[in-house]
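Structural characterization, general
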Amino acid sequence: MRTITLKDVSKTFYDKSRKLTPVLAIKDFNLRVEDGESVVLLGPSGCGKTTLLRLIAGLEQPDRGEIFYNNVPLDEIPIEERGIGMVFQNYVLIPHWESRKTVGFFLRLRDREEEVPAHVNTVANITGVDIESLMGRFPRHLSGGEKQRVSIARAFARDLELLLFDEPFANLDAKFRAQARVELKRLIQEFKVTLLYVTHDQVEAMSVADRIVVINAGRIIQSGPYHKLHDDPDSLFVAEFLGTPTINAFWGRVSDGEWDGSYLGRAALPQYRPNGSEVIVGLRPEHISVCDKERGIPATIDRVIPFYAEKYALLEVWLRKRRWRIQVPLGERFQPGETVHCQLDWSRALFFDAESGDRIR
């Protein structure tokens, strides 16, 4: 296994379509991944996740900063000794190679091709999937899910210390994606490797991560286990990015030391802010309930969205051009156009500075 350390790493690309305009992909990035740790890089498209993975793999060179494997600079380690397995979103299979040749590529280079059947059998036993049946087929004869299984088997069929995944299941349908996550988790538990996994899918992040690193605009915004990021975000960005359904964000001003959301009510602030300061309150849909007329804020239902597997319905409601979402039990009946009364659980409210987006604690 390996530790991975990034110190003050920056990377800029140049956009040829805009007369070589510089595009800053990674900015002063610092990260340490411990031996055997599974770290997920989570963030929106274009935030720098894939660039980071390519830098760590040695496929790109940083403009500034250093990358270390086990405290040794990456560029001092020969490529063949880095022990990297990488799985790409688009599979990267050689069209005219049978799967067995693809899986055995690393071992064949080292005159160890006879080990391929044992590796395939190990992967099959761990995942519970018969991939031996895929070994004699070309990529054009494989489904998307089968191609990805071959790609993952290739990554594990080597002397592996570091495993890199770049949105490996993004092109697969939801049913196979869920199954593939289970298979991957079994492999990670069996093969004690250091894992870096890039995704924008929160469910994937939760299923494989010891630690999640939230990235935006080439910088780390916050890192930690999922429940910590979800329940205790440092910024409005993290609060809005994590969680399904999305958190409600209510704008207001400070008045007499309290948050004042006009007809939404008032709430005590966790920290002093000057009168007139703009503050955003975050409340997740499960922290707003439908109540009786005397205690609630009236709102009109715009949409009712059932989530059958999760056994709840999401009400999208509005009042005076403000819109928010409420999570209710699936069995309760609501109709668009109906007026409901909402009660906000202020004890679960999160407060953010409207200008910086930073959490007010």
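Residues numbered from 1 in each chain as written. Predicted model: local features only at pLDDT ≥ 70, side-chain atom pairs only at ≥ 80, totals over all residues. Heavy atoms only, no water.

**Examining the sheet that holds strand β16 (residues 297–307)**
Applicable threshold: For two strands to pair, DSSP has to find at least two bridges joining them. Here a strand is any run of E in DSSP of at least two residues, a helix any run of H or I of at least four, and the numbering for each starts at the N terminus. Axis definition: a line fitted to C-alpha atoms, over the contacting stretch in the case of helices. Angles run 0 to 180 degrees between N-to-C directions.
Across the sheet, which stays open at both edges, the five strands sit in the order β15-β19-β16-β17-β18 with antiparallel pairing between neighbours. The sheet is open, and its two borders are formed by β15 (288–291) and β18 (322–329), each paired with just one other strand. On average, each strand axis in the sheet is tilted by 50° relative to the strand beside it, whichever way the strands run. Here β16 runs beside strand β17 (residues 312–319); their pairing, made up of seven bridges, is antiparallel. Considered in β17, the bridge of valine 304 is made with leucine 315.

**A word on the nonpolar core**
Put simply, the test is: Put simply, a nonpolar core is a bunch of buried Ala, Val, Leu, Ile, Met, Phe, Trp, Tyr and Cys residues held in one set by side-chain atoms that sit within 4.5 Å of each other. Any residue under 20% of the maximum accessible area for its type is buried, any over 50% is exposed, and the rest in between are partly exposed; the area is computed with a 1.4 Å probe on protein chains only. Whether two residues are in contact is decided by their heavy atoms: any pair within 4.5 Å suffices.
With 46 residues, the main nonpolar core has Val103, Ile131, Leu163, Phe165, Tyr197 and Ile212 as its most contacted residues. Apart from residues lying up to four places away in sequence, isoleucine 131 is in contact with Val120, Val123, Ala124, Arg149 and Ala153. Counting residues in hydrophobic clusters, the runner-up holds 28 residues, among them Leu31, Val33, Ile77 and Leu196.

**A closer look at the sheet that holds strand β1 (residues 4–15)**
Read from one edge of the open sheet, four strands run β2-β1-β4-β5, paired in antiparallel fashion. Edge positions in the open sheet fall to β2 (21–33) and β5 (72–73), since each of these has one partner strand only. As judged from the five bridges shared by β1 and strand β4 (residues 64–69), these two strands associate in the antiparallel manner. Within the sheet, the bridge partner assigned to isoleucine 4 lies in β4 and is tyrosine 69. Contacts from helix α1 (residues 49–57) reach β1, β2 and β4, with the element oriented near 120° to β1.

**Structural notes on empty space enclosed by the protein**
Our working definition: Residues are said to line a cavity or pocket when one of their atoms sits within 4 Å of a point; the points come from a 1 Å grid over protein atoms alone, cavities being sets where a 1.4 Å probe fits but cannot get out and pockets being open sets with protein on both sides within 12 Å along at least five of seven lines. Grid points are joined across faces, edges and corners, and a volume is the space filled by probe spheres set on the points. Amino acids outside the nonpolar list (Ala, Val, Leu, Ile, Met, Phe, Trp, Tyr, Cys, Pro) and the charged list (Asp, Glu, Lys, Arg) are all regarded as polar, and Gly is one of them.
Enumeration over the complete set of coordinates arrives at one cavity of 30 Å³ or more. Here the largest cavity defines a volume of roughly 100 Å³. Taken together, Val123, Thr127, Ile131, Arg149, Ile152, Ala153, Phe176, Ala180, Glu183, Leu184 and Leu187 form the lining of the largest cavity. Every element with two or more residues in the lining of the largest cavity is listed here: α4 (116–127), α5 (144–156) and α6 (174–190). A per-element tally of the lining of the largest cavity places α6 first, with five residues. When its residues are assigned to classes, the lining of the largest cavity shows eight nonpolar, one polar and two charged.

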